[in-house]
Amino acid sequence: MEANPENPHLRSPPSPAAAGNLGPRRLLDRSQFIRIILQALHSLGYSKAAAALESESGVALDSPEFTSLLFHSLSGHWLDCINSIDSIPDLTSESKSSAAFLVWKQHFMELLASEDGLVPAKDVLRSCISPLEVERGAVHRLSRVMISPEGVVPGEERVRRRIGMLLDLLGLMPDWVRMPSGRLEHLVETAVMKQLDSCIYHNTPEEVTLFEDHACSLDRIPSKCVQTLYAHKNEVWFVQFSNAGEYLASSSKDCTAIIWEVKEDDTLSLKHTLEGHVKPVSFLAWSPDDKMLLTCGNAEVLKLWDATTGICKLTMNNQVNHVISSCAWFPDSKKIVCGSYEPDNRVHTCDIEGNEIDVWEGERMPKVSDLAVTPDGNSLISICSNREIWIRDFRKGTEKVIPEEYSITSLSLSRDGKFMIVNLNSEEIHLWSVYGTSNTPNRYRGHKQGKYVIRSCFGGSDCLFLASGSEDSKIYIWQRHNEEPIQVLSGHLMTVNCVSWNPSKPYMLASASDDCTIRIWMASRNTSKALSTLAI
């Protein structure tokens, strides 16, 4: 590789057409803009087009400072390399010392590899390296190299080592000396992400265009009821889509649970009715692999179902007949955690055969009303004594407690396990970071909740939305960065107890109500697949 810092083309001043700034606000430096385009053309493989632009504009892709550094570094012109570094404006004295150390170190190592280089290497160490304002340990390590040949640069390694030195030098230089790779792509992607982040209705990650500013409308949010499911004979208390979004499970006061299949046309059909509970079923949980389903309820046993066949594989009430009120899966689908408070407060883990593994109990154990396990399996989140969130880190053996002022009725975890939301009977939903240290949650208001258990959920593209049922028979939807709802859905006749957003279909939402029905809501942009009205 050769580069000539005296190339008149690279040194020529820009043409009059290249003078001035660009953009409506005149914020863009024309030369920088052209250099970014040149880099993009080269990266796309259009070298001839880049050469034509460089010739016509008089602007080179590489700055003269970079060209000089490149030439002198690879040629071993060490003093000229130092002079090039010293000539770069906006370079701090600390960066200049670090850069000079890299240059003289390379020269020092190459001298030691030559036949008569020991004496000149000592001179470089004494007169060029020692005076630099760098960490003294680095200088002492170079002194030891003169005794041991470790680290010296043999002739066949020179070019590779010099290229490595150049890359290290560029890491100390301002970005304008040599642009970071993919600069145009980075700028455009940043602009697109900024627009997406500011779009409160964005719910279709695949729809991005560079030809116009991004803006979504409310029709991207589930708002149209396309199907009503009537199979339950009493209040429906819980609904949850499977992790792959292919099924929906529901549970009811009628002591049954139902598995519904989500078809390709976005309609749902009844797959299995799960019978065997003798009391209302208030809670269910899909295994991470979607092959099994757990169901439990108030003063009821825990049952494990085969989701494919609808057959009950196991009934768990353990050896001392504890009443299990909540449960959650570990990510391997081979272990679960259960919470119970009758006859005493207790949390235990067990395998899918019902064998207990770990148990937490005792006088100081609080009442646990809801549980979740993070997707990495490292943390257990519990709603304890109605007003506290406990986060147990299994690896560290530590616990963090987040107090709330009002009673917590439910817990929901984001798919990435980084955030959680809790419903409070103060008519607020709080969003907390699982691993954060903030004492202030994001708050969401608008729904009605005073005396019933209402369950909310994350959903939509990248879990950017929250949805919740409400005691006024409506469904409320928020964008995570706005505390006021962006959509309120009407249709149910009684309290909406639970909602679930399809994780693979961001335009589909399910709701369960005391009116004995489940409603399927779709975004207006996607209702063409679903039937306008379908009752089951």
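Preceding this section is the structure that the text describes.
Fair warning: this is a prediction, and the values are worked out from it, not measured in the lab.

Definitions and limits used
- Residues numbered from 1 in each chain as written.
- Predicted model: local features only at pLDDT ≥ 70, side-chain atom pairs only at ≥ 80, totals over all residues.
- Heavy atoms only, no water.
- Helix = DSSP H or I, 4+ residues; strand = E, 2+ residues; numbered from the N terminus.
- Rg over C-alpha atoms; globule rule 2.2 N^0.38 Å.
- Buried < 20%, exposed > 50% of the residue type's maximum accessible area, 1.4 Å probe, protein only.
- Contact = heavy atoms within 4.5 Å.
- Areas by Shrake-Rupley, 256 points an atom, 1.4 Å probe, with all protein chains shown as cover.
- Lys, Arg positive; Asp, Glu negative; His and termini not counted.
- Charge placed at Lys NZ, Arg CZ, Asp CG, Glu CD.
- Pairing = 2+ DSSP bridges.
- Salt bridge = Lys/Arg side-chain N within 4 Å of Asp/Glu carboxyl O.
- Patch = residues over 30% accessible without salt bridge, like charges linked within 9 Å, V, L, I, M, F, W, Y side chains within 5 Å.
- 1 Å grid on protein atoms, 1.4 Å probe; cavity = no way out; pocket = protein on both sides within 12 Å on 5 of 7 lines; lining within 4 Å.
- Points joined across faces, edges and corners; volume = space filled by probe spheres on them.
- Polar contact = N/O pair within 3.5 Å; in protein donor to acceptor, adjacent residues only side chain to side chain.
- Axes fitted to C-alpha atoms, helices over the stretch in contact; angles between N-to-C directions.
- Parallel < 35°, antiparallel > 145°, perpendicular 65-115°, else oblique.
- Left-handed = near helix turned anticlockwise from the far one by under 90°.

(A) Highlighting the overall build of the protein chain. Each helix and strand counted, the protein chain has 10 helices and 30 strands in total. Whereas a compact globule of 536 residues would reach a radius of gyration of roughly 24 Å, the protein chain reaches 33 Å, over 25% beyond that. If you line up the protein chain on its principal axes, its C-alpha atoms span 95 × 60 × 45 Å. Expressed as a percentage of the 536 residues in the protein chain, the buried residues total 49%. Summarising the internal contacts of the protein chain: among those between residues at least 6 apart in sequence, 49% fall at separations of at least 24. Looking at the protein chain as shown, the accessible area adds up to about 26,300 Å², and 51% of this sits on carbon and sulfur atoms. Side chains of the protein chain carry 53 positive and 68 negative charges; the gap between the two charge centres is 1 Å.

(B) Seen up close, unusual backbone geometry. Backbone geometry places Cys-255, a non-glycine residue, at a positive phi of 75 degrees. As for its placement among the helices and strands, Cys-255 is situated in the loop between strand S5 (247-252) and strand S6 (257-262). Of note, the phi angle at Cys-463 is positive, near 55 degrees, even though the residue is not glycine. Locating Cys-463 in the fold gives a position in the loop between strand S24 (456-459) and strand S25 (465-468).

(C) How the structure looks around the pairing of strand S12 (residues 323-329). Counting buried residues along S12, seven of its seven residues qualify, which places the element largely inside the surrounding structure. Bridge analysis of S12 against strand S13 (residues 335-342) gives six bridges, and the strand direction is antiparallel. From the neighbouring strand, Cys-327 faces S13, where its bridge partner is Cys-338. Connecting S12 to the next strand, S13, in antiparallel fashion are five residues, including Ser-333 with a positive phi near 60 degrees.

(D) Seen up close, the pattern of salt bridges. Tallied over the entire structure, the rule returns 15 salt bridges. Taking the shortest distance from any N to any O, the salt bridge between Arg-178 and Asp-62 comes out at 3.2 Å. A residue pair is termed long-range when its members are at least 10 positions apart, and Arg-178 in the loop between helix H9 (158-172) and helix H10 (183-198) and Asp-62 in the loop between helix H3 (47-57) and helix H4 (64-75) qualify at 116 residues. With a relative accessible area of 38%, Arg-178 lands in the partly exposed category. Through salt bridges with shared partners, a single ionic network connects Glu-428, Arg-443, Arg-445 and Glu-483.

(E) Representation of a nonpolar patch on the surface. Together, Leu-27, Leu-28 and Phe-33 make up an exposed nonpolar region whose accessible area comes to about 310 Å². Relative to the helices and strands, Leu-28 resides in strand S2 (residues 28-29). Note on Leu-28: relative accessible area 42%, which makes it partly exposed.

(F) The arrangement of the layout of surface pockets in detail. Here the largest pocket defines a volume of roughly 960 Å³. Taken together, 39 residues form the lining of the largest pocket, with Gln-240, Asn-243, Ser-412, Leu-413 and Ser-414 sitting closest to its centre. Residue assignment for the lining of the largest pocket shows that the elements contributing at least two residues are strand S4 (236-241), strand S8 (283-286), S12, strand S16 (368-373), strand S20 (408-413), S24 and strand S28 (496-501). What the second largest pocket holds in volume is close to 630 Å³. Taken together, 24 residues make up the lining of the second largest pocket; nearest its centre are Ser-282, Asn-298, Thr-409, Val-453 and Arg-455.

(G) A look at empty space enclosed by the protein. Evaluated as defined, the whole model comprises two cavities of 30 Å³ or more. Its boundaries defined by the atoms lining it, the largest cavity holds a volume of some 80 Å³. In terms of lining residues, the largest cavity is bounded by Val-347, Trp-360, Met-365, Leu-380, Ser-382, Cys-384, Trp-390, Ile-391, Arg-392 and Glu-399. Counting residues per element, the ones that place at least two in the lining of the largest cavity are strand S17 (379-384) and strand S18 (388-393).

(H) Geometry of helix H8 (residues 136-145). Those residues of H8 that fall on the buried side of the exposure criterion are Gly-137, Ala-138, Val-139, Leu-142 and Val-145. Those residues of H8 that are buried lie in contact with helix H6 (93-113) and helix H7 (118-129). For H8, the side-chain oxygen to backbone nitrogen distance between the N-cap and Gly-137 is 2.7 Å, and the N-cap itself is Glu-135.

(I) Spotlight on the environment of Leu-218. Among the structural elements, Leu-218 can be located in the loop between H10 and strand S3 (222-229). As for Leu-218 and Asp-116, which are separated by 102 residues in sequence, their C-alpha atoms are 78 Å apart. What Leu-218 contacts, discounting residues up to four positions off in sequence, is Tyr-201, Ile-486 and Gln-487.

(J) View of the packing of helix H2 (residues 30-44) against H3. Where H2 meets H3, the axes come as close as 8 Å, and the angle between the chain directions of the two elements is 160 degrees. One element, H2, and the other, H3, form an angle in the roughly antiparallel class. Read as a crossing pair, H2 and H3 show a hand that is left-handed. Contacts from Ile-34, Ile-37, Leu-38, Leu-41 and His-42 in H2 reach Ser-47, Ala-49, Ala-50, Leu-53, Glu-54 and Ser-57 in H3.

So, to be careful, I would describe these as geometric facts and stop short of saying anything about function.
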